[in-house]
Amino acid sequence: MAEEGNKLTLRRLEAPIHKFIKVALPTDLERLQKHHNNVLKYQHSQQWDRLHQEQINASRTVQQLRANVREMEKLCARVRADDAAALEVLVQPIRDRALAAVQDFLLLHSRPVSQPPSPPAAAPTSSCAASRDDAGEEEPAPVGHSQLQLPEIPADQSAAESWDNLEEDLKELSGLVTEFSLLVHVSTNIHVRRFTPADETNVTEVFL
């Protein structure tokens, strides 16, 4: 009870929370998307030195994202349980966007480069091919298809090490965002299951 008494209403904290979900995090995610596009470009053209530098810069952006997510998490932890459901609605879009951006980046190296693409005339066997057919779009290559065409980074290039570091940073960011999601979800459930007057009536009836 004492801990809950130290918390504030969402209305009191909404302005600073909005600075994260409307300004800070979207700015970081836009920067991360630019890094993603450049990584694709430099790896496809085998510009290993430029790829190495781009991946270092991407890691810095990911670290900035992690710092902002942690600060937002601290801020959201100060919100009273009564407003947990409203808080969930407020932060869900940017949280989902962050997770999608991280997963998209990680997919760059999620499949072996040596695997050949499926023949166009064959029945779709992968989820990517199925999604393309369902959408009725044939010209744009699926993401997975593009991944398979990326040349592998030579092990003796600095870009190989910087990718390993970036991949680790991305996974840590994904875990942090997921933990934040669970914290908000748990807070919402706790609020839903709070002791109500009806519960008190039921307890009284048991002892009568």
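Here is what the cut-offs are and how they apply
Along each chain, residues carry numbers from 1 onward, in the same order as the chain's sequence is written. Given that this is a predicted model, residues contribute local features only at a pLDDT of at least 70 and side-chain atom pairs are listed and counted only at 80 or more, while totals for whole chains, interfaces and linings are drawn from all residues. Here the side-chain values reflect all heavy atoms present in the structure, with hydrogen atoms and water set aside. Each reported salt bridge corresponds to a side-chain nitrogen of Lys or Arg within 4 Å of a carboxyl oxygen of Asp or Glu. Strands are runs of DSSP state E lasting at least two residues, helices are runs of H or I lasting at least four, and both sets are numbered from the N terminus onward. Burial here depends on accessible area, computed with a 1.4 Å probe over protein chains only, as a share of the maximum for the residue type. Under 20% is buried, over 50% is exposed, and the range in between is partly exposed. Any Phe, Tyr or Trp ring, taking Trp's six-membered ring, that has another such ring centre within 6.5 Å forms a pair; planes under 30 degrees apart are called stacked, those over 60 apart edge-to-face, and the others tilted. Buried Ala, Val, Leu, Ile, Met, Phe, Trp, Tyr and Cys residues that are joined via side-chain atoms within 4.5 Å together make up what is termed a nonpolar core. Contacts were defined at the residue level, with two residues in contact if any of their heavy atoms lie within 4.5 Å. Nitrogen and oxygen atoms within 3.5 Å of one another constitute a polar contact, given that in protein one can donate a hydrogen and the other can accept it, and given that sequence-neighbouring residues count only through two side-chain atoms. Where helices are involved, their axes are fitted lines through C-alpha atoms of the stretch in contact, as for all axes, and angles between N-to-C directions lie from 0 to 180°. Relative orientations are named as follows: roughly parallel for angles under 35 degrees, roughly antiparallel for angles over 145 degrees, roughly perpendicular for angles from 65 to 115 degrees, and oblique for any other angle. If you view the pair so one helix is near and one far, a crossing is left-handed when the near helix is turned anticlockwise from the far one by less than a right angle, and right-handed when it is turned clockwise. As a working rule, the residues Ala, Val, Leu, Ile, Met, Phe, Trp, Tyr, Cys and Pro are called nonpolar, Asp, Glu, Lys and Arg charged, and the rest polar, with Gly in that last group. UniProt positions are given in the numbering used here, feature names are shortened, and annotations may be inferred rather than shown by experiment. Looking at any residue, its pLDDT shows the predictor's confidence there, from 0 to 100. Definitions used throughout: a 1 Å grid over protein atoms alone; a cavity as a set of points that fits a 1.4 Å probe which cannot get out; a pocket as an open set with protein on both sides within 12 Å along at least five of seven lines; a lining residue as one with an atom within 4 Å of a point. Grid points are joined across faces, edges and corners, and a volume is the space filled by probe spheres set on the points.

1. Details of the pattern of salt bridges
Part 1 of the reasoning: The full count for this structure, using the stated rule, is 8 salt bridges.
Part 2 of the reasoning: The residue arginine 66 makes a salt bridge to glutamate 172 at a minimum N-O spacing of 3.5 Å. Of the two residues, arginine 66 sits in helix α3 (residues 48-76) while glutamate 172 sits in helix α7 (residues 158-192), which places them 106 residues apart along the sequence.
Part 3 of the reasoning: Among the salt bridges present, the one from arginine 80 reaches aspartate 82, with a minimum N-O distance of 3.5 Å.
Part 4 of the reasoning: Overall, arginine 80 belongs to the partly exposed group, its relative accessible area being 30%.
Part 5 of the reasoning: Through salt bridges that share partners, Arg66, Asp169 and Glu172 make up one connected network.

2. Points about the packing of aromatic side chains
Part 1 of the reasoning: Applying the stated criterion to the full structure yields 1 aromatic pair.
Part 2 of the reasoning: Plain terms: the ring middles of phenylalanine 105 and tryptophan 163 are 6.4 Å apart, the flat faces sit at 35° to each other, and that makes the pair tilted. Of this pair, phenylalanine 105 sits in helix α4 (residues 84-106) while tryptophan 163 sits in helix α7, placing them 58 residues apart in sequence. Accessibility assignment for this pair places phenylalanine 105 and tryptophan 163 in one class, buried.

3. Section: the nonpolar core
Part 1 of the reasoning: Counting 42 residues, the largest nonpolar core has Ile17 and Phe105 as the members making the most contacts within it.
Part 2 of the reasoning: Elements with a minimum of two residues in this core: α2 (10-44), α3, α4 and α7.
Part 3 of the reasoning: Among the elements that make up this core, the one with the highest residue count is α2 (10 residues).
Part 4 of the reasoning: What isoleucine 17 contacts, discounting residues up to four positions off in sequence, is Leu10, Leu75, Cys76, Val79, Leu87 and Leu90.

4. Some details on the side chain of asparagine 68
Part 1 of the reasoning: Relative to the elements of secondary structure, asparagine 68 occurs in helix α3.
Part 2 of the reasoning: At a separation of 2.6 Å, a polar atom in the side chain of asparagine 68 contacts the side chain of aspartate 28.
Part 3 of the reasoning: The residues contacting asparagine 68, other than those within four sequence positions of it, are Phe20, Ala24, Leu25 and Asp28.

5. Overview of the environment of arginine 80
Part 1 of the reasoning: Mapped onto the elements, arginine 80 comes out in the loop between α3 and α4.
Part 2 of the reasoning: Once the C-alpha coordinates of arginine 80 and lysine 7 are considered, the two residues, 73 residues apart in sequence, prove to be 5.2 Å apart.

6. Overview of the packing of α2 against α3
Part 1 of the reasoning: Two numbers describe how α2 lies on α3: the axes approach to 9 Å, and their chain directions differ by 165°. With respect to α3, the element α2 is oriented roughly antiparallel. In this structure, the crossing between α2 and α3 has a hand that is left-handed.
Part 2 of the reasoning: Residues belonging to the contact of α2 with α3 are distributed by class as follows: 20 nonpolar, 8 polar and 6 charged.

7. A closer look at the UniProt feature "coiled-coil region" (unreviewed entry) in the protein chain
Part 1 of the reasoning: Feature annotation in UniProt assigns "coiled-coil region" (unreviewed entry) to the following positions: residues 55-82.
Part 2 of the reasoning: For the annotated span residues 55-82, helix accounts for 79% and strand for 0% of the residues, and the straight-line distance between the end C-alpha atoms is 42 Å.

8. Concerning the confidence of the model for the protein chain
Part 1 of the reasoning: With 66% of its residues at a pLDDT of at least 70, the protein chain reaches an overall mean of 78.
Part 2 of the reasoning: Considering only residues more than four positions removed or in separate chains, one finds that residues 111-148, a stretch of pLDDT under 50, has 28 contacts.
Part 3 of the reasoning: Low pLDDT (under 50) marks residues 188-196, which in the prediction has 10 contacts with non-local residues, meaning those over four places away or in another chain.

9. Let's talk about empty space enclosed by the protein
Part 1 of the reasoning: One pass over the full model with this rule turns up 2 cavities of 30 Å³ or more.
Part 2 of the reasoning: Taken as a whole, the largest cavity spans an internal volume of roughly 70 Å³.
Part 3 of the reasoning: Together, Leu25, Leu29, Leu65, Val69, Met72, Ile94, Arg95, Ala98, Val177 and Phe180 line the largest cavity.
Part 4 of the reasoning: At the level of elements, α2, α3, α4 and α7 are the ones that each hand at least two residues to the lining of the largest cavity.
Part 5 of the reasoning: Here the residues of the lining of the largest cavity are counted per class, giving 9 nonpolar, no polar and 1 charged.
Part 6 of the reasoning: In this structure, the second largest cavity spans a volume of roughly 30 Å³.
Part 7 of the reasoning: What lines the second largest cavity is Leu29, Leu32, Gln33, His36, Ala101 and Phe105.
Part 8 of the reasoning: When residues of the lining of the second largest cavity are traced back to their parent elements, those giving at least two are α2 and α4.
Part 9 of the reasoning: The element contributing the most residues to the lining of the second largest cavity is α2, with 4 residues.
Part 10 of the reasoning: Taken together, the residues of the lining of the second largest cavity break down into 4 nonpolar, 2 polar and no charged.

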